[in-house]
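Understanding the architecture of this molecule
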Amino acid sequence: MIDLPNISAAERASEWPTQAFVDEALGDPSWRPFPFAEYIVKIESRCNLSCDYCYVYEMADQSWREKPMVMTSSTIDRLAERLGEHLRAHSEEVPSIRMVMHGGEPLLAGPERIGYAAEAFRAAVPSDVELTLAMQTNGVLLNEETLPVLREHNIQLGVSIDGPRESHDRHRKYANGRGSFDAVLRGLGALRRSPSADLLRSVLCTIEVEYDPLAVYETLLSVQPPSIHFLFPHANWSEQPPNWAGHRGGTPFADWLIPIFDRWYSTVPVPTHIRLFDEIIALLLGGASRTEGLGLTPIRVLTVDTDGSLDLAHVLKSTYAGAMVTGMNVFRNSFDEAMLQPGVVARQRDPIGLCRSCQDCPIVKVCGAGNYAHRYRNGSGFLNPTVYCADLTKLIGHIGDRVLADIQTIVDKRS
């Protein structure tokens, strides 16, 4: 990482996006804000691990220290009221929503609090709106105490695991330095042996280019996930990624992912979904993106912290202190008010909300300028390409060549 001087709050306020971008959008008769369809609910603000790459605890923003440890019943109730209010106001635009319990480590909230939140959210959602309840967990607390409540409320699970023991334990440790690999495997084992086994929907793996990509891939496959989500390390132009070589033309992250793609794509049938690859293929073939970080589909996600704050994506904590703050709260503000925050509008108005080089790029409909947080640069804000531009360009090109070659083969056989 490089060490750049901090800039003042006034300078931050002038970084893109500003209120002027919202005013411009509101002046465009062809544009309207989109209501929220996904909610990241920070039900617990503390964690039982001390991962050294965590954007919540280890990066620029340290506001977690001032937040309640757990979301109270009154905050859950008010959040549920706001949710119902928002969905009734936009019933034709939001046929389905996703509520993701997050942290910290959400299982630290305990079965009673998790169950209370699940019941409150289900009661608030109108009957004609499909609700998916989910949770992102480190997996350590998947056991006989927590699994029944997850089963009772049909809470889908994403579990974080970074490959084999050596790569996983390098970053995903307890505060005493001991690795968590064995504990995560115990949790996943308990899940597989329980009636809740079908709740596992994905495993999330942060890319570590120093480790063998195929060994990581095979370890992830061994836990039999329906889907794998490879995550680029959270970084930006002012806090550059580990092993990053973009300024020299290198592509270490694409070079790490391509062998996995080739192994996965050449296996018939594919053994699991890999979200990054699935999305790129769909976008290359003219489809729409379903996740943030690729494509130009408007982002419709709102984060609610343990104190009821309405925030932008908490991954923005990796850029600078307060980057995710809207100043709004479920006790004072409706979700409709949050729809007009600059950081929300910026991610709903692509390609206008992209820098000129991205707008002119031939793969912008696939890349979408990458993850919003990864575009940040001190002084200019988020009006930049992703710091992983070179990597995404190479990866998308490689996948496109493979897929289009197969399509051409099919066409030739039919002609």
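In what follows, the accompanying structure is described. (Residues numbered from 1 in each chain as written. Predicted model: local features only at pLDDT ≥ 70, side-chain atom pairs only at ≥ 80, totals over all residues. Heavy atoms only, no water.)

Brief notes about the overall build of the protein chain
- Counting secondary structure elements, the protein chain contains 15 helices and 10 strands.
- For 415 residues, the compact-globule estimate of 2.2 N^0.38 gives 22 Å, and the C-alpha radius of gyration of the protein chain, at 21 Å, lies within 12% of that figure.
- Based on the C-alpha atoms only, the size of the protein chain along its principal axes is roughly 60 × 55 × 50 Å.
- Here the protein chain, with 415 residues, has 57% of them falling under the buried criterion.
- Total accessible area on the protein chain stands at roughly 17,800 Å², and carbon and sulfur atoms take up 53% of it.
- The average position of the 39 basic charges and that of the 51 acidic charges among the side chains of the protein chain differ by 2 Å. (Helix = DSSP H or I, 4+ residues; strand = E, 2+ residues; numbered from the N terminus. Rg over C-alpha atoms; globule rule 2.2 N^0.38 Å. Buried < 20%, exposed > 50% of the residue type's maximum accessible area, 1.4 Å probe, protein only. Areas by Shrake-Rupley, 256 points an atom, 1.4 Å probe, with all protein chains shown as cover. Lys, Arg positive; Asp, Glu negative; His and termini not counted. Charge placed at Lys NZ, Arg CZ, Asp CG, Glu CD.)

Examining the pattern of salt bridges
- All chains considered together, the criterion is met by 19 salt bridges.
- Between K394 and D255 there is a salt bridge, and its shortest N-O distance comes to 2.7 Å. Of this pair, K394 sits in helix 15 (residues 389–414) while D255 is found in helix 9 (residues 252–266), placing the two residues 139 residues apart along the sequence.
- R356 is the salt-bridge partner of D360, the closest N and O atoms lying 3.6 Å from each other.
- Looking at R356, the relative accessible area reads 53%, which means it is exposed. (Salt bridge = Lys/Arg side-chain N within 4 Å of Asp/Glu carboxyl O.)

Looking at a nonpolar patch on the surface
- A contiguous nonpolar surface patch, about 410 Å² in accessible area, is contributed by L284, L285, L404, I407 and V411.
- It is helix 15 that provides the largest number of residues to the nonpolar patch, a total of 3 residues.
- On the secondary structure map, V411 appears in helix 15.
- Looking at V411, the relative accessible area reads 43%, which means it is partly exposed. (Patch = residues over 30% accessible without salt bridge, like charges linked within 9 Å, V, L, I, M, F, W, Y side chains within 5 Å.)

Comments concerning the packing of aromatic side chains
- Under the defined criterion, the tally for this structure stands at 15 aromatic pairs.
- Ring geometry for W237 versus W244: centroids 5.7 Å apart, planes at 90°, classification edge-to-face.
- The class of W244 is buried, set by a relative accessible area of 6%.
- Centre to centre, the rings of W264 and F277 are 5.5 Å apart; their planes meet at 50°, and the pair counts as tilted. Residue W264 is found in helix 9, and its partner F277 is found in helix 10 (residues 275–284); the two are separated by 13 residues along the sequence. F277 shares its class with W264; the two are buried.
- The residue whose ring lies beneath R178 is Y174, and the NZ or CZ to ring-centre distance is 4.4 Å. (Phe/Tyr/Trp six-rings, centres within 6.5 Å; stacked < 30°, edge-to-face > 60°. Lys NZ or Arg CZ within 6 Å of the ring centre and 35° of its normal.)

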